[in-house]
Number of protein chains: 2
Amino acid sequence: MGTPVSIPLYILLSLLILHSLSSNSSAYSDHPRHRSSKHAPRFLGKFSRPFNQIHQQNEYEYETLFFEQRLDHFSFAKLPSFQQKYLINTHHWVGPSRLGPIFFYCGNEGNIEWFAANTGFLWELAPRFGAMVIFPEHRYYGESMPYGSREIAYKNASTLSYLTAEQALADYAVLITELKRNLSAQACPVVLFGGSYGGMLAAWMRLKYPHVAIGALASSAPILQFEDIVPPETFYDIVSNDFRRESISCFQTIKESWDVIASKGQENDGLNQLTKTFRFCRKLNSSEDLSNWLDSAYSYLAMVDYPYPAGFLMPLPANPIKEVCSRIDSGPNGTSILQRIFEGVSVYYNYTGTVECFNLDDDPHGMSGWDWQACTEMVMPLASSKESSMFPAFDYNYTDDEEGCWIAFNVKPRPTWISTEFGGHDIKNTLKTFGSNIIFSNGLLDPWSGGSVLEDISETIVTLVTEKGAHHLDLRAATDKDPDWLVEQRESEVKLIKNWLKDYYENRRATFAV
Amino acid sequence: MGTPVSIPLYILLSLLILHSLSSNSSAYSDHPRHRSSKHAPRFLGKFSRPFNQIHQQNEYEYETLFFEQRLDHFSFAKLPSFQQKYLINTHHWVGPSRLGPIFFYCGNEGNIEWFAANTGFLWELAPRFGAMVIFPEHRYYGESMPYGSREIAYKNASTLSYLTAEQALADYAVLITELKRNLSAQACPVVLFGGSYGGMLAAWMRLKYPHVAIGALASSAPILQFEDIVPPETFYDIVSNDFRRESISCFQTIKESWDVIASKGQENDGLNQLTKTFRFCRKLNSSEDLSNWLDSAYSYLAMVDYPYPAGFLMPLPANPIKEVCSRIDSGPNGTSILQRIFEGVSVYYNYTGTVECFNLDDDPHGMSGWDWQACTEMVMPLASSKESSMFPAFDYNYTDDEEGCWIAFNVKPRPTWISTEFGGHDIKNTLKTFGSNIIFSNGLLDPWSGGSVLEDISETIVTLVTEKGAHHLDLRAATDKDPDWLVEQRESEVKLIKNWLKDYYENRRATFAV
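Residues numbered from 1 in each chain as written. Chains lettered and ligands numbered in written order. Predicted model: local features only at pLDDT ≥ 70, side-chain atom pairs only at ≥ 80, totals over all residues. Heavy atoms only, no water.

### Thoughts on the pairing of strand E6 (residues 215-219) of chain A
Residue and element names in this part refer to chain A. Within E6, 5 of the 5 residues are buried, which leaves it mostly tucked inside the rest of the structure. Every second residue of E6 is oriented toward a common face, with Gly215, Leu217 and Ser219 on one face and Ala216 and Ala218 on the other, all of them buried. Once you follow strand E5 (residues 190-195) into helix H7 (residues 197-208) and on to E6, the crossover reads as right-handed. Note that E6 and strand E7 (residues 438-443) share 4 bridges and pair parallel. Bridging from a neighbouring strand, Ser219 pairs with Ser441 of E7. (Buried < 20%, exposed > 50% of the residue type's maximum accessible area, 1.4 Å probe, protein only. Helix = DSSP H or I, 4+ residues; strand = E, 2+ residues; numbered from the N terminus. Right-handed = clockwise from strand over helix to strand, strands pointing away. Pairing = 2+ DSSP bridges.)

Set out below in structure tokens:
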């Protein structure tokens, strides 16, 4: 894997883009030290796809509207405004006179339709609460492009410079305030939902704009994964443990495979052999490319190690890691490590068995919004430990990141800004003292859970943790295969949301009863 | 007074600048409708002066240092950094190992040395608490100039665009965080102090960056004076009442004087006569100029209607309004209204009796930072009521403001942004639910008290209100003429600060005792 880089590329559930959304080559991707960083844990954007490519029928109805937003909320620089897309459904809303709630999903780093299609829990809840549903798109993603087009918005550091979490939060605060004003719904309670980066936004919104919503469900939100708040090894340790718990030999095989791959790559004709073994469509340029490709697969598998078949990242069976390990382990005696690995990773890249050869571009790494965010604010340190990780060991090296970001974007990260802006290094204490009404839900198979809040912080900032859940499983639509623990987790969330609303309505009555 | 404009120009105690800091003429000041706005309640900046002009000896010692700040904290736009000045004194600081407190004054809109010289209360407190004292300068004021010079920083809306409250708060959050890191003082508790706009910043800092300081003393901080949260007439009503409580006839005389002035101004040779009566050095251009000059004086008098002689705005006796009214009332029968007014206002502009003639420029109105702030975020509606105000009646007219700001600065205000960003329209409730450890201190003679918090909000957000205090009197140094109620107000503040620190230290012990 070369030098695994701690570029904090962050992913969500996503559909694999068969055709890259954008694959501008860049100095960044060419830089040898950082070729591997493209294969660090994924961000969402590269996996979300335009709605018309989503093969599942969209069962949710909404209107698609646009709202004019300032490009920089915190200055009066003369900048063009941009159109922020949002999806809205008022079918079940009981209206302003009955203080009907507003369910507001904090859009993450991708097309909002894709999030809408994958957040069935919210849609299922809306009729039960008589709620309006709003899915705003995060700036610089999907169609919500400053300067009118992605091409210009992503042109350089200058045009990208307004892609920050604080700007996104301000977008949401302004959108909510204005929408409510326009609908004469100022008194309607807003409940925030978000998963992954969106969950972080929802939680941060409770701290920075507590008056805008009454509570937030922050699912799989690693708000602690900054600076040294949690150990940097946690991500890869959890991925590794997801494999080891299925099979120690599987874990071992993967752990040993990296050296085998690197050695093979050194041999005469080694790359050709690797290309053949792993059935790539085009000859590998380096063994590192292969290692990165594998690294990605394992990370994604951990994130979507769901208890039922699902086709979000790739078409996968239930408990896909179990299947991967089964194939890795079950080769007859004499099967090479590389062959075992190939069989295993094919679960991820080719479960349907219909793929004839693999393109590295199937995992495109074009410069994306999240690459930018990781190079500016979302500096989330990663490392791989010698013992507990099945990945090659590496320490977190900020200088490498900084260098890579300069080469890629001509920008210098600000690794301590997020904690200065959102709650400080001791953010748990900040939440305890100043926060309220947040649910941190997590599944412990999710590698990002290690950076999230896993213990109750206060009476109203609580955690709902499932041992066998993965990356924001709870936000997905209900299925008839949901295990009990998942059903319970969701019902607990519903209870808590009910209580927020109940408190809100009671306080209002009390206020007006005097 | 022409059309009194609701441009929210905000002032603090200040020394009259004998020579304008900057007096670029501008379209704004020439615009007839807005000539009067320059005479709306004053902002601080135009009164603060470079340290070497302050006639009182500075009795406080400090080092003057500079800290490099980003120009835009909330984007990654390639902008030059700027040097933020701060004054620091560690003489009494008991140091990091003893968790010595840090007293941090939230610099307002002017030279920081001037604020330091006028915030004796903080200096007096520091030794009692073993505290470090820091006075950071607000960006775009004093020497803390983006682009290296005031000339460039104030050149146009583009260069000024980063003069916003959110940027200032981020400056303070970053400065505190970095200073503490450099001094290994991360565990030292920070207490914020601020008066007027600075008090607003201190209170807002408790909402937006609650992890950065443990509490704030917000003196004379009109955080409610936005949109329609308080009646827009409140400012001028309080000024008027400050006069009426001294003498009803005084109030009446002033109330009637505006028409007399306007009529006189219409007469042939009327302006000459007014110029003579009021002893201006140069002939008046309009009667409006005179009215604005008087309006200013009355507003300032209300703000610094102190119970002891002081020379902050102008050299004034104790209870200056009483003296003004005494002079207005005491002219023998037959004294014209204008003559009475002249005698009265001379208390403000010429108490020493040494001024031979008055310059309108003595009250310079050069485009200043506060003019900009009032035209962008700090949109604080003002109006004057028919009955209770001694000023000519006018309604708040946002459109006029908007027009004036466009002419002056080529910028459009955002009148609802402050409430979106800081706590919402129902900010009192926001404070109650999410805030803590704020003291709102006010004096009811202060016209800005009407926009401040005057009732306890919670157990830890309390108010200390004195009937006879004026604009952040409590922040000033103790004098042997302090009335008991002032001494008590300060001692209450000290008690509350002590409690914050006590709680902080106890919580830390509890945390580490486990």
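### Structural notes on the pairing of E7(A)
All names here are of chain A. Burial analysis of E7 places 6 of its 6 residues in the buried class, which makes it a mostly covered element. Examined bridge by bridge, E7 and strand E8 (residues 461-466) share 6 bridges and lie parallel to one another. Bridging from a neighbouring strand, Ser441 pairs with Leu464 of E8.

### Here's the deal with the relation of the copies chain B and chain A
For the pair chain B and chain A, the superposition axis carries a translation of 0.0 Å, the fit reaches an RMSD of 0.0 Å, and the rotation angle comes to 180°. These values place the two chain copies in the arrangement generated by a two-fold rotation axis. The share of interface residues of chain B whose copies in chain A are also at the interface is 100%, consistent with both copies meeting through the same surface. (Least-squares fit on C-alpha atoms with pLDDT ≥ 70 in both. Contact = heavy atoms within 4.5 Å.)

### Section: unusual backbone geometry
Residues and elements named next belong to chain A. In this model, Tyr147 sits at a positive phi of 65°, which is unusual for a non-glycine residue. Of note, Tyr147 is situated in the loop between strand E4 (132-136) and helix H4 (150-153). Classification of Tyr147 by relative accessible area gives partly exposed; the value is 26%. If you check the backbone angles, Asn437 has positive phi at about 55° while not being a glycine. Structurally, Asn437 is set in the loop between helix H17 (427-434) and E7. Judged by its relative accessible area of 15%, Asn437 is buried.

### Looking at the sheet that holds strand E8 (residues 461-466) of chain B
In a beta sheet, neighbouring strands pair by backbone hydrogen bonds and run either parallel or antiparallel. All names here are of chain B. If you trace the 8 strands from one edge of the open sheet to the other, you get E1-E2-E4-E3-E5-E6-E7-E8, paired in mixed fashion. The outermost strands of the open sheet, each flanked by one partner alone, are strand E1 (63-69) and E8. Looking at each pair of strands side by side, their axes are set apart by 20° on average, direction ignored. In the sheet, strand E3 (residues 102-105) pairs with strand E4 (residues 132-136) via 3 bridges, with the strands oriented parallel. Across the sheet, Phe104 pairs through a bridge with Ile134, a residue of E4. The sheet strands contacting helix H7 (residues 197-208) are strand E5 (190-195), strand E6 (215-219) and strand E7 (438-443), and the helix crosses E5 at an angle near 145°. (Axes fitted to C-alpha atoms, helices over the stretch in contact; angles between N-to-C directions.)

### Some remarks on the sheet that holds E8(A)
Residues and elements named next belong to chain A. Strand order in the open sheet formed by 8 strands is E1-E2-E4-E3-E5-E6-E7-E8, and the pairing between neighbours is mixed. Unpaired on one side and paired on the other, strand E1 (63-69) and E8 mark the two borders of the sheet. With direction set aside, neighbouring strand axes in the sheet form an average angle of 20°. Against the sheet, H7 contacts E5, E6 and E7, and its axis sits at roughly 145° relative to E5.

### A few points about the interface of chain B and chain A
If you look at the interface, chain B gives 43 residues, while chain A gives 43 residues. Here chain B and chain A share an interface that buries about 3,400 Å² over both sides, 58% of which is from carbon and sulfur atoms. Three residues stand out in chain B for area buried against chain A, namely Phe74(B), Phe76(B) and Phe434(B), and they jointly supply 25% of the buried area on that side. Taken together, the connections running from chain B to chain A amount to 0 salt bridges. Run the count over chain B and chain A and you get 18 residue pairs in polar contact (both at pLDDT 80 or more). Elements represented by at least two residues in the side of chain B that touches chain A include exactly helix H6 (165-182), H7, helix H14 (369-376), helix H16 (417-421) and helix H17 (427-434) of chain B. Top contributing element to the side of chain B that touches chain A by residue count: H6(B), with 7 residues. Within the side of chain B that touches chain A, the residues separate by chemical class into 16 nonpolar, 16 polar and 11 charged. (Buried area = accessible area lost by both parts, 1.4 Å probe. Salt bridge = Lys/Arg side-chain N within 4 Å of Asp/Glu carboxyl O. Polar contact = N/O pair within 3.5 Å; in protein donor to acceptor, adjacent residues only side chain to side chain. Nonpolar A, V, L, I, M, F, W, Y, C, P; charged D, E, K, R; others polar.)

### Points about helix H9 (residues 248-266) of chain A
Taking 1.5 Å of rise per residue, the 19 residues of H9(A) would be expected to cover 27 Å, and the 28 Å separating its terminal C-alpha atoms lies within 8% of that figure. Within the span of H9(A), buried status applies to Cys250(A), Phe251(A), Thr253(A), Ile254(A), Ser257(A), Trp258(A), Ile261(A), Lys264(A) and Gly265(A). (Expected span 1.5 Å × (residues − 1).)

### Some remarks on the packing of aromatic side chains
Counted under the stated rule, the structure contains 71 aromatic pairs over all chains. Geometrically, the ring pair formed by Tyr300(B) and Tyr348(B) is stacked, given 5.9 Å between the ring centres and 20° between the ring planes. Remark: Tyr348(B) occurs in helix H13 (residues 337-350) and Tyr300(B) occurs in helix H11 (residues 287-303); sequence separation between them is 48 residues. Taken together, a centroid distance of 5.8 Å and an interplanar angle of 70° make the contact between Tyr504(B) and Tyr505(B) edge-to-face. A connected cluster of aromatic rings, assembled from ring pairs, spans Phe235(A), Tyr236(A), Phe243(A), Trp258(A), Tyr298(A), Phe391(A), Phe394(A) and Trp448(A). Positioned above the aromatic ring of Tyr209(B) is the side chain of Lys208(A), whose terminal nitrogen or guanidinium carbon lies 4.0 Å from the ring centre. The cationic tip of Arg414(B) hangs over the ring face of Phe76(A); the distance from NZ or CZ to the ring centre is 4.8 Å. (Phe/Tyr/Trp six-rings, centres within 6.5 Å; stacked < 30°, edge-to-face > 60°. Lys NZ or Arg CZ within 6 Å of the ring centre and 35° of its normal.)

### Some words on the nonpolar core
Residues Trp204(A), Phe243(A), Trp204(B) and Phe243(B) are the most contacted members of the largest nonpolar core, which totals 252 residues. Sequence-distant contacts of Phe243(B), defined by excluding residues within four places in its chain, comprise Cys250(B), Ile254(B), Tyr298(B), Leu301(B), Ile321(B), Val324(B), Cys325(B) and Met390(B). (Core = buried A, V, L, I, M, F, W, Y, C linked by side-chain atoms within 4.5 Å.)

### Points about a nonpolar patch on the surface
On the surface, Leu444(A), Leu454(A) and Val465(A) cluster together to form a nonpolar patch covering roughly 200 Å² of accessible area. On the secondary structure map, Val465(A) appears in strand E8. (Patch = residues over 30% accessible without salt bridge, like charges linked within 9 Å, V, L, I, M, F, W, Y side chains within 5 Å. Areas by Shrake-Rupley, 256 points an atom, 1.4 Å probe, with all protein chains shown as cover.)

### Some thoughts on H13(B)
Residues and elements named next belong to chain B. Its 14 residues place the ends of H13 19 Å apart at the C-alpha level, agreeing with the 20 Å of an ideal helix rising 1.5 Å per residue. The largest bend along H13 reaches roughly 30° and is located at Gly344. The buried fraction of H13 amounts to 11 of the 14 residues, a majority that puts the element mostly inside the structure. Here H13 has its buried residues at Leu338, Arg340, Ile341, Phe342, Gly344, Val345, Ser346, Val347, Tyr348, Tyr349 and Asn350. Residues of H13 that are buried make contact with helix H9 (248-266), helix H10 (270-277), H11 and helix H12 (320-329). (Bend = angle between axes of the 7 residues up to and from the residue.)

### A short note on the side chain of Thr119(B)
All names here are of chain B. The residue Thr119 is located in the loop between helix H2 (112-117) and helix H3 (120-129) in this model. Assessed through its relative accessible area of 1%, Thr119 is described here as buried. Those residues in contact with Thr119 that sit more than four places away from it in its chain are Tyr105, Phe135 and Leu475.

### Thoughts on the packing of H9(A) against helix H12 (residues 320-329) of chain A
Residues and elements named next belong to chain A. The N-to-C vectors of H9 and H12 enclose an angle of 75°; their axes lie 9 Å apart at closest approach. In terms of orientation, H9 lies roughly perpendicular with respect to H12. Facing Ser249, Cys250, Thr253 and Ile254 of H9, the residues of H12 in contact are Cys325, Ile328 and Asp329. Its residues placed into classes, the contact of H9 with H12 shows 4 nonpolar, 2 polar and 1 charged. (Parallel < 35°, antiparallel > 145°, perpendicular 65-115°, else oblique.)

### Focus on the environment of Ala126(B)
All names here are of chain B. Counting through the fold element by element, Ala126 comes out in helix H3. Classification of Ala126 as buried rests on a relative accessible area of 1%. A sequence separation of 37 residues divides Ala126 from Asn89, and the C-alpha atoms of the two residues are 9.5 Å apart. Those residues within four positions of Ala126 in sequence are excluded, and the remaining contacts are His92, Phe103, Ala131 and Val133.

### Some details on the pattern of salt bridges
Residue and element names in this part refer to chain A. Enumeration over the complete set of coordinates arrives at 26 salt bridges over all chains. Residues Arg128 and Glu491 are paired through a salt bridge, measuring 3.4 Å at the closest nitrogen-oxygen approach. Highlighted residues: Arg128 in helix H3 (residues 120-129) and Glu491 in helix H18 (residues 484-513), separated in sequence by 363 residues. The partly exposed category is assigned to Glu491, whose relative accessible area is 33%. Here Lys264 and Glu267 are joined by a salt bridge, their closest N and O atoms 3.3 Å apart. Residue Lys264 is classed as buried on the basis of its relative accessible area of 18%. In the salt-bridge network here, residues are joined through shared partners; they are Lys85, Glu113, Glu137 and Glu143.

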